[in-house]
Amino acid sequence: MKLKNLTIKIILVLLVFVQCTGMDTHKRLTDIDSLIQTNADSARNMLKQMSADISEDNMDDMAYYTLLCAKADDKAGIKLSNDSAMEKAINYLSENDRNKHLVETYYYAGKTELSTKNTEKALYYLQLALMCDTTQLTNSLQSNIYLLTGNIYQHNYMREEAKSMYELAIYFSQQDGNALNMQKCKEAIKQIEEANDTIEKDKSTKMVEKVRYINQRVNTYLLQRENKNLQNEEKTDLSWLAPLMLALLSCIIPMIVKNRKTKSSTVEESNEQNKEAEHSKPNTRHFFDKDVNELINSRLASNKVLGTNDWKLIDERLNKAYPNLRDTLFSLYNMSETEYRICMLIKTEINPSNIAQLMAMTKSSISQSRLRMQQKTFNGEGTAKDWDKYILSINPPTT
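Quick summary incoming for the structure in this document. It should be emphasised that the depicted structure is a prediction, and the values quoted were computed from it without experimental measurement.

Scoring rules and cut-offs
Residues numbered from 1 in each chain as written. Predicted model: local features only at pLDDT ≥ 70, side-chain atom pairs only at ≥ 80, totals over all residues. Heavy atoms only, no water. Helix = DSSP H or I, 4+ residues; strand = E, 2+ residues; numbered from the N terminus. Buried < 20%, exposed > 50% of the residue type's maximum accessible area, 1.4 Å probe, protein only. 1 Å grid on protein atoms, 1.4 Å probe; cavity = no way out; pocket = protein on both sides within 12 Å on 5 of 7 lines; lining within 4 Å. Points joined across faces, edges and corners; volume = space filled by probe spheres on them. Nonpolar A, V, L, I, M, F, W, Y, C, P; charged D, E, K, R; others polar. Salt bridge = Lys/Arg side-chain N within 4 Å of Asp/Glu carboxyl O.

At lysine 100, a position not held by glycine, the phi torsion is positive, near 60 degrees. Structurally, lysine 100 can be placed in the loop between helix H4 (84-93) and helix H5 (102-115). Lysine 100 gets classed as partly exposed once you look at its relative accessible area, which sits at 49%. Notably, asparagine 324 is not glycine yet its phi reads approximately 70 degrees, a positive angle. Topologically, asparagine 324 is positioned in the loop between helix H13 (308-321) and helix H14 (325-330).

So, in structure tokens, the structure goes:
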């Protein structure tokens, strides 16, 4: 009996030890994560020392460890090298991101691909990061992602697009208090504005086409992932559904018959009310300009972004139709040129997907910009669609 009790005690001690070891591994990783910002070299040494404790049996710790290795190397100024472990981490986290590390892993995967000159894959990961769960998109991450994307665009002669990314990076750097990123972005914008050399059109066009292709891949991937999640939800037992539908139909059919009898008597009344409502509507003004319309349709059809002269034409025609539109918007707060351009396209009633295409941005970025403008203007209240309504409500002065 004593031997049996001793055996049980030993087993319990071992179980507690295993559990504590697992918890300790995760805690150690969390502590190293905090240390990286202040002492990356020490963090790297600690990660090397605990490499033997990381096992693929615990993919949560494995994925976190892989992220921290890239993060520590980057902070220490060591060139990131392509690694199959990073791809494994992304594959796991895209299905099991319980600790919320996927977005940051996408960012460092993008930096890793860029260090090996794989620009296309780097952009793919960066765009995925921007279109992930917004609760993970901290100001710091968005500042870094937009800065890196701007660098890629500038290197590939997409100067207007690069400037847009740098302006977004400046905004999030201000929110994060990141003076270094702000300085980098301002210097890059200054270089773009002072550039006198001829842009290599062929290279720029090829890069724009790559960006379009990457955006399509990102959207397809996210859609497939969403469909997979829905399919998993639909695998639950639905045997109760048939009797419920029969019960609902037995109630609904008599109501339909009754409604049909009364429908004919209410149609004329409804039509009359609609006519009265139509007459009582305010005279809403919708902007239309043949040249602007043809220009935008042409750019959309050829998958091209709007250039400097295109923006000048749109700005000129809009402010002719809506005098002081620019002054009105810029009086709200210190609006960036990118934000103003989004507003111009909203005013011409272009949908967010096409705005993203015309500006070489993601639809998610356009949505975030619209929401941000709404909240800046209306004290943190409202949605992106509320901002669209506000812009469309701006009418020319009555005479």
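A word on empty space enclosed by the protein. Inspection of every chain in the model, using the stated rule, returns 2 cavities of 30 Å³ or more. The computed volume of the largest cavity comes to approximately 50 Å³. Taken together, Glu160, Glu161, Ser164, Val305, Leu306, Trp311, Arg341, Leu358 and Met359 form the lining of the largest cavity. The element that contributes the greatest number of residues to the lining of the largest cavity is helix H8 (residues 159-176), accounting for 3 residues. Here the residues of the lining of the largest cavity are counted per class, giving 5 nonpolar, 1 polar and 3 charged. Considered as a void within the structure, the second largest cavity measures approximately 30 Å³ in volume. As for the second largest cavity, its lining consists of Gln127, Leu130, Tyr146, Thr149, Tyr153, Met165, Ala360, Met361, Thr362 and Ser365. Counting only elements with at least two residues in the lining of the second largest cavity, the list comes to helix H6 (119-130) and helix H7 (139-155). The element contributing the most residues to the lining of the second largest cavity is H7, with 3 residues. Tallied by class, the residues present in the lining of the second largest cavity amount to 6 nonpolar, 4 polar and no charged.

The subject of this paragraph is the pattern of salt bridges. Tallying each qualifying case throughout the model produces 16 salt bridges. Two residues, lysine 376 and glutamate 339, come together in a salt bridge whose shortest N-O distance is 3.6 Å. Within this pair, whereas lysine 376 is found in helix H17 (residues 363-377), its partner glutamate 339 is found in helix H15 (residues 337-347), the two being separated by 37 residues in sequence. Classification of lysine 376 as partly exposed rests on a relative accessible area of 31%. Residue class for glutamate 339 comes out buried when judged on its relative accessible area of 5%. Through salt bridges with shared partners, a single network forms among Asp33, Lys71 and Glu104.

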